[in-house]
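Here is how the chains run, residue by residue.
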Amino acid sequence: MESTSFQLRPPVFPDDVATIAQLDGDCFTRREERFVSGDVLEAFVRAAATDDRQHLWARIAVDAVGPCGFAFADPSHSRLTKLCVAPRARRRGVGRALVEAAVAALRDRKALSVSLFVRCDNTGARALYERCGFVGDAVVADHYGPGCDGARMLRDCF
Ligand SMILES: CC(C)(COP(=O)(O)OP(=O)(O)OC[C@H]1O[C@@H](n2cnc3c(N)ncnc32)[C@H](O)[C@@H]1OP(=O)(O)O)[C@@H](O)C(=O)NCCC(=O)NCCS
């Protein structure tokens, strides 16, 4: 694998609990954006590793150095729930590939549209989502805690 290339793979339980915990801590600066606890993170990885058609879909991006990002999506609500890319691997298309893989997985599960929430002040992530065809349709005050609003964004799947 070249240093700039990467692959996406499903998570493995329990091996990737530590992988995702590390990335979660490295990528998210606000507590409200991280998994609320180690137990919740473990439950998410277990669900995604055992039944990604119904309960939870996830992919981990891996480059020549190691795991460099992940995405989670909730098929029952057609929602992209978590996305991050390690600082060392940003602006190489990893985030976009994870978003497109999540949208394709939700489309495959009969979703007509995909939604997500993003901090209104997260200009980088909002730019990525707009590049992927998402459009903001609502703002939820204090969604990420006092004074930190969230934007809902939507994209059609067809
Ligand atoms: C947001 C994030 C996932 C982007 O991942 P990434 O791998 O760097 O994104 P990509 O390389 O696929 O970017 C694709 C396009 O999105 C846009 N984009 C991505 N990051 C951007 C930034 N910081 N500023 C402006 N535009 C950005 C650009 O148009 C970019 O294309 P370009 O590099 O050719 O200009 C990453 O910065 C991250 O993990 N941030 C912290 C966690 C986070 O905010 N997660 C989202 C929570 S909702």
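Presented here is a report on the structure given in the accompanying data block. (Residues numbered from 1 in each chain as written. Predicted model: local features only at pLDDT ≥ 70, side-chain atom pairs only at ≥ 80, totals over all residues.)

## Regarding the nonpolar core
Point 1. Within the largest apolar cluster, 37 residues are counted, with the highest numbers of intra-cluster contacts made by Phe70, Ala71, Phe72, Ala73, Leu80, Val99 and Ala102.
Point 2. Excluding its chain neighbours within four sequence positions, the residues that come into contact with Phe72 are Phe44, Ala48, Leu56, Ala58, Thr81 and Lys82. (Core = buried A, V, L, I, M, F, W, Y, C linked by C-beta atoms within 7 Å. Buried ≥ 20, exposed ≤ 12 C-beta atoms within 10 Å, placed from the backbone. Contact = placed C-beta atoms within 7 Å.)

## Notes on the site of the ligand
Point 1. Residues in contact with the ligand amount to 19 residues; listed here are only the nearest, Arg90, Gly95, Arg96, Gly124 and Ala127.
Point 2. Of all the elements in the fold, those that place two or more residues in the shell around the ligand are strand E4 (79–85), helix H3 (94–108) and helix H4 (123–131).
Point 3. When residues of the shell around the ligand are assigned to their parent elements, the largest contribution, 5 residues, is made by H4.
Point 4. Split by residue class, the shell around the ligand holds 10 nonpolar, 4 polar and 5 charged. (Near = placed C-beta within 6 Å. Helix = DSSP H or I, 4+ residues; strand = E, 2+ residues; numbered from the N terminus. Nonpolar A, V, L, I, M, F, W, Y, C, P; charged D, E, K, R; others polar.)

## Points about the environment of Ala58
Point 1. Mapped onto the elements of the fold, Ala58 is located in strand E2 (residues 57–63).
Point 2. In this structure the C-alpha to C-alpha distance between Ala58 and Glu130, which are 72 residues apart in sequence, comes to 21 Å.
Point 3. Contact partners of Ala58, with chain neighbours within four places excluded, come to Pro10, Pro11, Ala48, Asp52, Phe70, Ala71 and Phe72.

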